[in-house]
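# Notes for the structure review
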Amino acid sequence: MKATKLLLAAALLTVTATFAFAGPGPQFWAQQAKNQPAQPAAVSSGTAKDSMTCGQCSCCASMKKA
């Protein structure tokens with residue numbers, strides 16, 4: 001019985017340690033650092049459709065009718 005509990009505790013500790021160190025590898029973070037300067041440029045290059053305000057599309061008025 002004591003050996004079974006010890007084996008179970010060791011298995012649970014191993015599983016916990018495995019999940020504690022899980023995560024993206026160094027290659028992922030290197031790619032993110034490389035892509036970061038490109039991301040703000042992609043966000044700021046929106047079209048006129050993206051910058052439409054609520055009064056321009058009249059979708060709110062059509063929703064009130066329904």
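Cut-off values and rules
- Sequence order as written defines residue numbering, which begins from 1 separately in each chain.
- Confidence filtering applies because this is a predicted model: local features only for residues at pLDDT of at least 70, side-chain atom pairs given and counted only at 80 or more, and all residues used for totals across whole chains, interfaces and linings.
- Values reported for side chains reflect all heavy atoms of the structure, with hydrogen atoms and water molecules removed beforehand.
- Note on conventions: DSSP H or I runs of at least 4 residues are helices, E runs of at least 2 residues are strands, and numbering of each starts at the N terminus.
- The Shrake-Rupley method, run with a 1.4 Å probe, gives the accessible areas here. Residue values count only the displayed protein chains as cover.
- pLDDT gives the predictor's per-residue confidence on a scale running from 0 to 100.
- Every helix has an expected span of 1.5 Å times one less than the residues it contains.
- Per-residue accessibility, obtained with a 1.4 Å probe over protein chains only, is compared with the maximum for each type, and a residue is labelled buried under 20%, exposed over 50%, and partly exposed between these values.

## Focus on the overall build of the chain
- Broken down by element type, the chain carries 5 helices and 0 strands.
- Starting at the N terminus, the α and β elements of the chain follow one another as α-α-α-α-α.
- Per element, the accessible surface of the chain, about 6,200 Å² overall, is 68% carbon and sulfur.

## Things to note about the confidence of the model for the chain
- Taken residue by residue, the chain gives an average pLDDT of 76. The fraction at 70 or more is 61%.
- Mean pLDDT values over the elements of the chain span from 53, in helix α3 (residues 38-44), up to 91, in helix α1 (residues 2-20).

## Let's talk about α1
- Taking 1.5 Å of rise per residue, 19 residues should cover 27 Å, and α1 covers 27 Å from first to last C-alpha, within 8% of that figure.
- Taken across its 19 residues, α1 has 0 buried, putting it largely on the surface.

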